[in-house]
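Spelled out, the chains give:
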Amino acid sequence: MNVNNVMADLERKHPGENEYLQAVREVLESIEEVYNEHPEFEKARIVERMVEPDRIITFRVTWVDDKGEIQTNIGYRVQFNSAIGPYKGGLRFHSAVNLSMLKFLGFEQTFKNALTTLPMGGAKGGSDFSPKGKSDAEIMRFCQAFMLELWKNIGPDTDVPAGDVGVGGREIGYLYGMYKKLAREYNTGVLTGKGITWGGSLVRPEATGFGALYFVQHMLHKAGKDIKGKTVAISGFGNVAWGAATKATELGARVIAISGPDGVIHNPNGMTPEKIDYMLELRASNRDIVAPFAERFPDSTFVPGKKAWSVKCDIALPCAFQNELTGDDARELLANGTWCAAEVSNMGCTPEAIAEFQKAGILFAPGKAVNAGGVATSGLEMTQNAQHLSWSAEEVDKKLHYIMSQIHEACVTYGTQPDGYVNYVKGANVAGFMKVAHAMLEQGII
Ligand code: GLU
């Protein structure tokens, strides 16, 4: 395989799908060497087959808003790869959603899910519907209209959607309600991130953020460091940022920044339980602004238009959106002494930012390893549903902890360079790729 040739072909077939092309290039560059040591991969055209989704479903979603006006959005489900298990991955509702974004996310999900050690293939879906400013009733009507189209394509052994940006417990509830009505079956395993009284798993809401912090702890321990007393800057204030802030604080770190599309909150004294709870309130307001945090907690300040990366910190945790940390942001962080960055959002850093971190030799780990605790706990939710059981929070958390340690170990195994530096990007990509590639080889040319 020659990465440039594969990419030239993909660019020709999918012009302008920039996020997708970026995600594929990152993976191919880091697996190229290993791939070329395995002629059987090349013979079976594994890369050419792996970079294209198995299938893409698109549909029109029409619903009526509170003013009685008719709205039309586009819905998607990208079923990327099912070599190691049923399609699995979240739904994203955001105005910027398009096919390129969901293809990048589905592609990443395939490797991430392989890293979790659980049997899950990769998928992603969503809509350009924006929850911002929408009433609860509008969100319900949209979710119902979305599921009217999607339900035929999903199932506990077929494809299991979950939440992502703009889709949380409330949306999963509305989606499941409509699914159940259409399918006439109480099939809880069809969606994850469900409510606790109807098949949800304890710890699932916290799992992405908690898992990320467990991973960061492992990275730090490997480098002979401890998270206690360290300063952490977090971008975003949604579910993932909330989980990360909660666990970072619990582990003795000081979360000195959170941010929103409107600017950054400087929070020099760190988080308190009230502040962490307030993050949930902010998100539930559907206003997508972080500024009210500083009005509510006068020991913090709001700086409009700035990112979390303008705040001096030891550890940077992007928890919001893809490409939210750029080369310039990386240089600013490095100049301010940041020595660890871990993507909690999917592809949170641009390739230039990653290159800066790696050149500086600081600890850096990619989203598909760091944030895999969310989907891993979805996998645990599926297991509980299949068993008609629900496990205690301690049990789920223990399993999550163990899975994150396994992912860290896989990254170290495949990513340790001759000089001892752990290239977590390479480690995660190679480990995830090997598992999926071998399954594809063994299942023949399909
Ligand atoms: N959206 C999350 C992710 O990016 C979770 C997906 C899931 O639980 O299926 O991994």
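This text goes with the structure placed above it.
Figured I'd write up the structure that's included with this text. Note that this is a predicted model, so its numbers are computed, not measured.

**Quick word on the side chain of Q217**
No. 1: Mapped onto the elements, Q217 comes out in helix α8 (residues 204–222).
No. 2: Accessibility expressed as a relative area gives 17% for Q217, which makes it buried.
No. 3: Discounting chain neighbours no more than four positions away, the residues touching Q217 are I227, L251 and H401.

**Observations regarding the sheet that holds strand β1 (residues 55–64)**
No. 1: Strand order across the open sheet formed by five strands is β1-β2-β4-β3-β5, with mixed pairing between neighbours. Whereas interior strands pair on both sides, the edge strands pair on one side only; in this sheet they are β1 and β5 (159–162). Strand-to-strand twist of the sheet, defined as the mean angle between neighbouring strand axes without regard to direction, takes the value 20 degrees.
No. 2: In terms of strand pairing, strand β2 (residues 70–81) meets strand β4 (residues 122–127) through six bridges, oriented antiparallel. In the strand pairing of β4, Y76 is matched with G126.

**With respect to the site of the ligand**
No. 1: Surrounding the ligand, one finds 13 residues, the nearest of these being K88, K112, G163, D164 and S378.
No. 2: One of the side-chain N or O atoms of Q109 is found 3.1 Å from an oxygen atom in the ligand.
No. 3: Between R204 and the ligand, the recorded distance is 3.0 Å, taken from a side-chain N or O atom to an oxygen atom.
No. 4: Within the complex, the protein chains bury 95% of what would otherwise be the 290 Å² of accessible surface of the ligand.
No. 5: Broken down by element, the shell around the ligand gets its largest block of residues, three residues, from strand β3 (residues 87–93).

**Some points on the sheet that holds strand β9 (residues 301–304)**
No. 1: Here we have seven strands laid out as an open sheet, ordered β9-β8-β7-β6-β10-β11-β12, and mixed in their pairing. Two strands lie at the open edges of the sheet, namely β9 and β12 (363–365), each paired on one side alone. With strand direction ignored, the average angle separating the axes of adjacent strands in the sheet is 15 degrees.
No. 2: As judged from the four bridges shared by strand β8 (residues 263–266) and β9, these two strands associate in the antiparallel manner. Within the sheet, the bridge partner assigned to G263 lies in β9 and is P304.
No. 3: Strands β10 (315–317), β11 (340–342) and β12 of the sheet are contacted by α8, whose axis makes an angle of about 145 degrees with β12.

**Details of helix α15 (residues 372–387)**
Note that an α-helix has 3.6 residues per turn; residues three or four places apart therefore point the same way.
No. 1: Look at α15: 23 Å from first C-alpha to last across 16 residues, which is about the 22 Å you get at 1.5 Å a residue.
No. 2: Of all 16 residues in α15, 13 are buried, a share of seventy percent or more.
No. 3: Taken from the residues just after α15, H388 is the one with a positive phi, measuring 55 degrees.

**Description of the nonpolar core**
No. 1: By size, the foremost hydrophobic cluster in this structure holds 65 residues, and its most contacted members are F215, I234, I258 and L317.
No. 2: Counting residues per element, this core draws most heavily on α8, at nine residues.
No. 3: With 41 residues, the next largest nonpolar core counts I31, V34, Y76 and F104 among its residues.

**Comments concerning the packing of α15 against helix α16 (residues 393–415)**
No. 1: Two elements in contact, α15 and α16, have axes separated by 10 Å at closest approach and are oriented at 130 degrees. Taken together, the axes of α15 and α16 lie oblique to each other. Read as a crossing pair, α15 and α16 show a hand that is right-handed. Counted together, A372, G373, A376, T377, L380 and Q384 of α15 and V396, K399, L400, I403, M404 and I407 of α16 form the full contact between these two elements.

**Remarks on the pairing of strand β7 (residues 254–260)**
Put simply, side chains in a regular strand alternate between the two faces of the sheet.
No. 1: Across the seven residues of β7, six count as buried, placing the element largely inside the fold.
No. 2: Turn length for the β7-β8 hairpin, with the two strands adjacent in sequence and antiparallel, is two residues.

**What about the packing of aromatic side chains?**
No. 1: Overall, the coordinates contain 21 aromatic pairs when judged by the stated rule.
No. 2: Note on F93 and F142: the rings are 5.1 Å apart at their centroids and 90 degrees apart in plane angle, and the pair reads as edge-to-face. Note that F93 is positioned in strand β3 and F142 in helix α6 (residues 136–150), a separation of 49 residues in sequence. There is no split in this pair, since F93 and F142 are both buried.
No. 3: On the numbers, 5.4 Å between centres and 20 degrees between planes, the contact of Y176 with W198 is stacked. In this pair, Y176 sits in helix α7 (residues 169–183) while W198 sits in the loop between α7 and α8, placing the two residues 22 residues apart along the sequence.
No. 4: Three or more aromatic residues link up through ring pairs in this structure, and these residues are F59, W63, F93, F129, F142 and F146.
No. 5: Seen from the ring of W339, K225 lies directly overhead, with NZ or CZ sitting 4.6 Å from the centre.

Reading the values: the criteria
Residues numbered from 1 in each chain as written. Predicted model: local features only at pLDDT ≥ 70, side-chain atom pairs only at ≥ 80, totals over all residues. Heavy atoms only, no water. Helix = DSSP H or I, 4+ residues; strand = E, 2+ residues; numbered from the N terminus. Buried < 20%, exposed > 50% of the residue type's maximum accessible area, 1.4 Å probe, protein only. Contact = heavy atoms within 4.5 Å. Pairing = 2+ DSSP bridges. Axes fitted to C-alpha atoms, helices over the stretch in contact; angles between N-to-C directions. Near = heavy atom within 4 Å. Polar contact = N/O pair within 3.5 Å; in protein donor to acceptor, adjacent residues only side chain to side chain. Areas by Shrake-Rupley, 256 points an atom, 1.4 Å probe, with all protein chains shown as cover. Expected span 1.5 Å × (residues − 1). Core = buried A, V, L, I, M, F, W, Y, C linked by side-chain atoms within 4.5 Å. Parallel < 35°, antiparallel > 145°, perpendicular 65-115°, else oblique. Left-handed = near helix turned anticlockwise from the far one by under 90°. Phe/Tyr/Trp six-rings, centres within 6.5 Å; stacked < 30°, edge-to-face > 60°. Lys NZ or Arg CZ within 6 Å of the ring centre and 35° of its normal.

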